[in-house]
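Spelled out, the chains give:
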Amino acid sequence: MVDIKNYHKQYYLKNTNKILQESKTYQQSKKGKITLRRYDQSEKGKIRTIRYTQSKKGRASQKRRRDMYRQTKKWKIAKAKRNRNFGWILMFPNPFATSEIVEYHHINDAYVIALPKDLHHQYMGKFHREKTMEIVKQIYLGDN
Ligand SMILES: [Zn+2]
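About the thresholds
- Residues numbered from 1 in each chain as written.
- Predicted model: local features only at pLDDT ≥ 70, side-chain atom pairs only at ≥ 80, totals over all residues.
- Helix = DSSP H or I, 4+ residues; strand = E, 2+ residues; numbered from the N terminus.
- Buried ≥ 20, exposed ≤ 12 C-beta atoms within 10 Å, placed from the backbone.
- Contact = placed C-beta atoms within 7 Å.
- Domains from an automatic or database assignment.
- Pairing = 2+ DSSP bridges.
- Expected span 1.5 Å × (residues − 1).

**Student:** What is the right way to look at the overall build of the protein chain in this model?
**Tutor:** Helices and strands together make up the secondary structure of the protein chain, namely eight helices and three strands. Projected onto its principal axes, the C-alpha positions of the protein chain cover 90 × 35 × 30 Å. Put simply, the protein chain has 144 residues, and 3% of those count as buried. Taking contacts inside the protein chain between residues at least 6 apart in sequence as the whole, the part at least 24 apart equals 12%.

**Student:** Sorry if this is basic, but what is going on with the domain arrangement of the protein chain here?
**Tutor:** Here the domain parsing of the protein chain yields domain 1 (4-80) and domain 2 (89-140). Look at where the C-alpha atoms of domain 1 and domain 2 centre, and you get two points 43 Å apart.

**Student:** Teacher, can you tell me more about the pairing of strand β2 (residues 102-106) here?
**Tutor:** Look at any regular strand and the pattern is simple: side chains alternate between the two faces of the sheet. Inspection of the sheet shows β2 paired to strand β3 (residues 111-116) by five bridges, in the antiparallel sense. When the sheet's bridge partners are listed, Tyr104 is paired in β3 with Ala114. Where β2 folds back on β3, the antiparallel hairpin that results is connected by four residues.

**Student:** What should I look at first to understand helix α5 (residues 56-69) in this one?
**Tutor:** Two residues of an α-helix separated by three or four positions point the same way, owing to the 3.6 residues in each turn. Helix length check: α5, at 14 residues, gives a terminal C-alpha distance of 20 Å against a target of 20 Å (1.5 Å per residue), a fit within 8%. For α5, the tally of buried residues reaches only zero of 14 residues, placing the bulk of the element at the surface.

**Student:** Mind showing me how you'd approach the environment of Glu22 here?
**Tutor:** Turning to its location among the elements, Glu22 is positioned in helix α2 (residues 16-28). Sequence-wise, Glu22 and Val112 are 90 residues apart; in three dimensions their C-alpha atoms are separated by 59 Å.

Following this line, the structure appears as structure tokens:
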């Protein structure tokens, strides 16, 4: 009797490179990409992705990608922007109760003021400072 399992194993071992190459070609084809995407979006695929990203191998691969990104000019510029030397001078004492989650918002590059987290996060993005200034005025200057 032919041992099917063993037969497949032997075939795989003998043709590993060929099989990997074929699967790679398929994954890069239009049909392969669609199948792969469908799988990634399925419950099974999502669980697999989570398992992979939490595994030793997955984490190593993420780290490798991160390290590679950190060699790029794009990363270095982003980092320089983050590290701009902002001052940290508290303009007014924090008026909020200790039960409030407070964040410190830079009204300019030197001065910060305390703002409740949800108000601080109300305007994010490009005009964060300008728009948040309206909230700051209302709270600190009673400007309605
Ligand atoms: Zn802010």
